[in-house]
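Notes for the structure review
If you want the building blocks of each chain, they are given just below.
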Amino acid sequence: MRGKTFIAHDELPEVLERLSKAMDVWIPTAINDEKYEIQFLPYQSDRLPVLDRQSTMPPKKVIFPQVETLLHFSRKKDENNPFKSHIKLEDEEEVSPVLVFGARPCDVRGFLVFDEVYLNGPYKDPYYAKRRKKTLFATLVCETSDNACFCSAVGSGPADQTGSDLWIIPVDGGYVIEALTERGENLMPEMGKDATEAQVAEARDVQEKVAGLRVGEADLTQNSDAFEDRFSDNEYWRDMAFKCISCGICTYVCPTCYCFNITDEAKDLDGERIRSWDSCMFNHFTREASGHNPRPSKLERYRNRIGHKFSYFPKKYKGMIACCGCGRCIRRCPVALDIRNVVLSLKKNKENVDVCK
Amino acid sequence: MFVNNPYRPEPAVIKDIIQETTNIRTFRIVLNDEEKMRNFSFKPGQVAQLSVFGVGESTFVINSPPTRKDYLQFSVMAVGEVTQALHKLDVGDEVGVRAPLGNGFDVEALKGYNIVFVGGGIGMAPLRTLLLYMLDNRQDYGDIIVIYGARSPEDLCYRYEFDKWRDGGINLVLTVDAEAPGWKENVGFVPTILAEVEPSAHNRMAITCGPPIMIKFVLAGLKEIGFENHQILTTLEKRMKCGIGICGRCNIGTKYVCIDGPVFSYEELSKMLPEL
C-alpha cells in the first residue's frame, strides 16, 4: 500500500492528463473567463480544474445525466404485409470508467441518497448502476464553506469521507492525496510523488481543523414527526411557499434530487425513449390525464419537497436525510427561499415562525 | 444489453379490440415471445405500463384474471396523449408491456369472505380482474354482490358479459345516473343504490373503485352500513412514469402507489398523509 502522495499545483494538469488516458476524468471547471459558473466537465488540456470554491452545479450528471437514452426503438416493415410493422428495441451501450476529481463531501453524499433508491430498492436501476459502479471519487476536504452551507446540520460535515475513494487535502504549494478505498489505492501510482513528512503533517493539521468545524448551526435531522404534525397546517405552508415562483432551480442544482420523467422522441420510424431530470416543483409533475392533481398548487408541491427530504426519506432509510446541506438551493433561489428556515420553523409555534414575505 | 432491465418493455401484439363505450376501448394483447407469455404470472389488481413507441407509456390495470391467460386485457379511456394514441391502433399493431407492477389484491386473504364490489365507470376495470378470478375459484369465496354504475347505459363497460357474471352466481346490481329508453335496471348514483342494497358487513369485504367523488360517498355509505376500515379495499390511481418506485411522483408520504399499491385498505389509507 502506497502512503500519501503530493501533487504540486503546476503538476496537476499532467496528473489529470495521464489519468484521462485510462478513464474519463471529470473536473469542476470554469465555463467562462470570469469563473462565474463552475461545472463538472471531462478533463481536456485546455480545461483547468477550479478547486477553490464549490461548483455551481453538483457532479450529479456524471452518474445521472440530465438527459439520457433508455432505449432505442425502430419500426421494421413486415416483409409480407406493407401495412404492418414490427418494433425492434435496443438498450444503451456500456460506459467507460470515470474519476470525479475535486468533488466535495456534499456532492458525494448526494449519490449515497441516490444509492438507497436506485440500487437498494425492490428494483435496481441498471442505467444508474452501470455508471455508479464504474465511478470513483477523489474528494476535496472542504475548507471553503460559506453562509449558505449547512452540511453538519444534516448529519455530514466538511471532512466527511463517506463514499469517497481518494481524499484531497490542500497544503502549501499543492495537494496531499490519500487513498480511502481499494479502488482509490489502485490509482495512487498516478497521483504524483510521495509526500514529505512535513506535507503529511500539514495535511493532518488541515484535516483535523476541518473535521472540527461545524458547518450549519442547527440540527435539521430530527423533523420527521414535526413535519407530519404540520402537514395539514395549510396556513403554514401557504406562508412558507408564498415567495416561491415554481421555477424548479432548487431541484436542478440539488445533488440529492433524483426524480425524473420518461418521454419518447421519434422521427419517422426510429426513436428513443429518454429520461430527463424532472422537478416536483412543477404543476405537471403529478397532474393526471383526467385533470386531477394531488398536488395542485405550490403549497402542496413545496410541502412535498420539504417532506420528502426531511421526513419521508429518513423514515424509509434509517434516518438518512435526503439533503446534503450544500446550500445550492439557497444560493440559486431567485426569491431567496431558505430551506433551513422552513425546516427549523416546523417545530415553532405560529407566532415565532419567521416568514420573510 | 442489460439482463434484467425493468425499463425495457416486452413487445406485444394487439389481438382484439372491443369498443366498450364512446371513449373506452378494451385491448386484448399477447406478448410476442411465446415462452414469456406462457410463463407470465400476476395477481389480480396488478398493473402494466403500456407503450406506444414514439408517444410514451401509461399505466393500466391488467383487467383479465390470471386464471385466463389467452391474452392480457386492458381497458383504456381516451383522455391523454398515450391513451389517444392507443385508440388509433388496430388489431395486429404492436405495443410494449412492462408488467406486472404493483401489489395487487391479496386473493388468499380474501378467501372465505363474502364480497361486495362497488364500481363506477372505468373503475370497473380493476374490479373485473378480481371478480373473474373469484368466479374461476367460486368455492373459495362466499356470496358476491356487484354494484356497478355509470352515467348512462352506453357508459357501462363489459355489458356483453353481464349475463355470464349472473350465471356464475353473482348478484349484479346495475345503475345509471338518469332514466334512459329501454333501461330496466336501477336509476340513481352508486352510493344511493349501495344504501338501498345494504349488503351486510358481516364477514364481508368491500372493494371499490371509481371516480374520487363516488369513492368519497361510497366510503361514507359503507361505514353507515357497518363496514370497518379494514373491510374496505380500493385501488388508487396516480400519475406514474417508472412504475418501480424510483422516479418519485406517485408517493403519498412515504408510500409509493406503484410499488406499495395500487391496492390499499382504508385502514392503511387512514394512516397515510392526506394527499390523494
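1. Examining the sheet that holds strand β3 (residues 47–52) of chain B
Residue and element names in this part refer to chain B. Judged by pairing direction, the sheet is antiparallel, and its six strands sit side by side in the order β4-β3-β6-β1-β2-β5 without closing on themselves. Edge positions in the open sheet fall to β4 (56–61) and β5 (72–77), since each of these has one partner strand only. Taken over all neighbouring pairs, the strand axes of this sheet differ in orientation by 40° on average, direction set aside. In this structure, strand β2 (residues 24–31) lies alongside β5, joined through six bridges in antiparallel fashion. Its bridge partner lying in β5, Arg28 is registered against Gln73.

2. A closer look at the sheet that holds strand β7 (residues 135–140) of chain A
All names here are of chain A. Sheet architecture is open: eight strands sit in the order β3-β2-β6-β7-β8-β9-β1-β10, paired in mixed fashion. Looking along the sheet, the strands with just one partner apiece sit at the ends: β3 (38–42) and β10 (193–194). Inspection of the sheet shows strand β2 (residues 24–30) paired to strand β6 (residues 98–103) by three bridges, in the parallel sense. Looking across to β6, one finds that Asp24 is bridged to Val98. Seen against the sheet, helix α6 (residues 197–211) touches β1 (5–8), β8 (166–171) and β9 (174–179) and runs at an angle of roughly 100° to β8.

3. So, the domain arrangement of chain B
It is common to give the size of an interface as the accessible area that goes away when the parts come together. Residue and element names in this part refer to chain B. Domain parsing of chain B yields domain 1 (10–101) and domain 2 (107–205). Taking the mean C-alpha position of each, domain 1 and domain 2 sit 23 Å from one another. Residue composition of the side of domain 1 that touches domain 2, grouped by class: seven nonpolar, seven polar and three charged.

4. Observations regarding the interface of chain A and chain B
Chain A puts 40 residues into the contact, and the matching count from chain B is 37 residues. Looking at the side of chain A that touches chain B, the elements that each hand over two or more residues are β4 (67–77), β5 (85–91), α3 (105–118), β11 (260–267) and α10 (298–316) of chain A. At six residues, the largest contribution of residues to the side of chain A that touches chain B is made by β11(A). Across the side of chain A that touches chain B, the residue classes break down as 21 nonpolar, nine polar and 10 charged.

5. Observations regarding the domain arrangement of chain A
Residue and element names in this part refer to chain A. Under the domain assignment used here, chain A contains domain 1 (5–64 + 94–211) and domain 2 (224–352). Summarising the inter-unit geometry, the C-alpha centres of domain 1 and domain 2 are found 27 Å apart. Contacts between domain 1 and domain 2 engage 21 residues on the former and 17 residues on the latter. Top contributing element to the side of domain 1 that touches domain 2 by residue count: α3, with eight residues.

6. Observations concerning the pairing of β1(A)
All names here are of chain A. Note: β1 against β10, two bridges, orientation antiparallel. Among the inter-strand pairings, Phe6 is bridged to a residue of β10, identified as Lys193. Across four bridges, the pairing between β1 and β9 is antiparallel. Directly across from Phe6, in β9, lies its bridge partner Val176.

Parameters at a glance
Residues numbered from 1 in each chain as written. Chains lettered and ligands numbered in written order. Predicted model: local features only at pLDDT ≥ 70, side-chain atom pairs only at ≥ 80, totals over all residues. Pairing = 2+ DSSP bridges. Helix = DSSP H or I, 4+ residues; strand = E, 2+ residues; numbered from the N terminus. Axes fitted to C-alpha atoms, helices over the stretch in contact; angles between N-to-C directions. Contact = placed C-beta atoms within 7 Å. Domains from an automatic or database assignment. Nonpolar A, V, L, I, M, F, W, Y, C, P; charged D, E, K, R; others polar.

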